[in-house]
Amino acid sequence: MEARAYLRNARISPRKVQIVLDLIRNKPVDIALATLDLTPKAASPLLEKLLKSAIANNHSMNKDNLYVAECFVTPGPTMKRIMPRAQGRAYRILKRTSHITIVLKEEE
């Protein structure tokens, strides 16, 4: 049995999210929540809310035995913007988005 939660089109770069996801992978849920609460990264509040959502999606499993079985991020659509530069040039600004998935499973 497993509980899943998805966050689509989060306005944060996948590289920034991956750093924090590596901290909580294969950890028990209570340790993962504490880690996210104390990590000073921009992705931490998003992932904390997503992890709580995955815990709430759990229907038949014991909350005390849950752990983060899978967590991964994939790139979402990239918004392209223009930044005016000197001498009439224009530089491309890429505003990246992320699709984040967290899967919880119960320890045997």
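These figures come from a predicted structure and were not determined experimentally. (Residues numbered from 1 in each chain as written. Predicted model: local features only at pLDDT ≥ 70, side-chain atom pairs only at ≥ 80, totals over all residues. Heavy atoms only, no water.)

Caption draft 1: Structural detail: the nonpolar core. Of all hydrophobic cores here, the largest spans 26 residues; its most connected members are V17, L21, L47, L51, I100, I102 and L104. Elements represented by at least two residues in this core include exactly β1 (2-10), α1 (14-24), α2 (29-38), α3 (44-56), β2 (66-75) and β5 (98-106). The dominant element in this core, judged by the number of residues it contributes, is α3, at 5 residues. Setting aside its immediate chain neighbours within four residues, L21 contacts L47, C71, F72, V73 and I100. (Core = buried A, V, L, I, M, F, W, Y, C linked by side-chain atoms within 4.5 Å. Buried < 20%, exposed > 50% of the residue type's maximum accessible area, 1.4 Å probe, protein only. Helix = DSSP H or I, 4+ residues; strand = E, 2+ residues; numbered from the N terminus. Contact = heavy atoms within 4.5 Å.)

Caption draft 2: Main features of the side chain of S98. Positionally, S98 belongs in strand β5. In contact with S98, not counting residues within four places along its chain, are L7, R8, N9, A10, I12, S13, P14, V17, V73, T74 and G76.

Caption draft 3: Spatial organisation of a nonpolar patch on the surface. A contiguous nonpolar surface patch, about 270 Å² in accessible area, is contributed by M83, Y91 and I93. By secondary structure assignment, the location of Y91 is in strand β4 (residues 90-95). When its relative accessible area of 45% is taken as the criterion, Y91 is described as partly exposed. (Patch = residues over 30% accessible without salt bridge, like charges linked within 9 Å, V, L, I, M, F, W, Y side chains within 5 Å. Areas by Shrake-Rupley, 256 points an atom, 1.4 Å probe, with all protein chains shown as cover. Salt bridge = Lys/Arg side-chain N within 4 Å of Asp/Glu carboxyl O.)

Caption draft 4: Quick look at the pattern of salt bridges. For the coordinates displayed, the defined rule picks out 3 salt bridges. Between E48 and K52 there is a salt bridge; the shortest N-O distance is 3.7 Å. With E48 and K52 both in helix α3 and 4 residues apart, this pair spans about one turn of that helix. The buried category is assigned to E48, whose relative accessible area is 17%.

Caption draft 5: Fine view of the environment of H99. Its location among the elements puts H99 in strand β5. Taking the relative accessible area as the measure of exposure, H99 reaches 18% and is therefore buried. Along the chain, H99 and A10 lie 89 residues apart, while their C-alpha atoms are 6.5 Å from each other. For H99, the contacting residues outside a window of four places in its chain are L7, R8, N9, F72, V73, T74, P75, G76 and P77.

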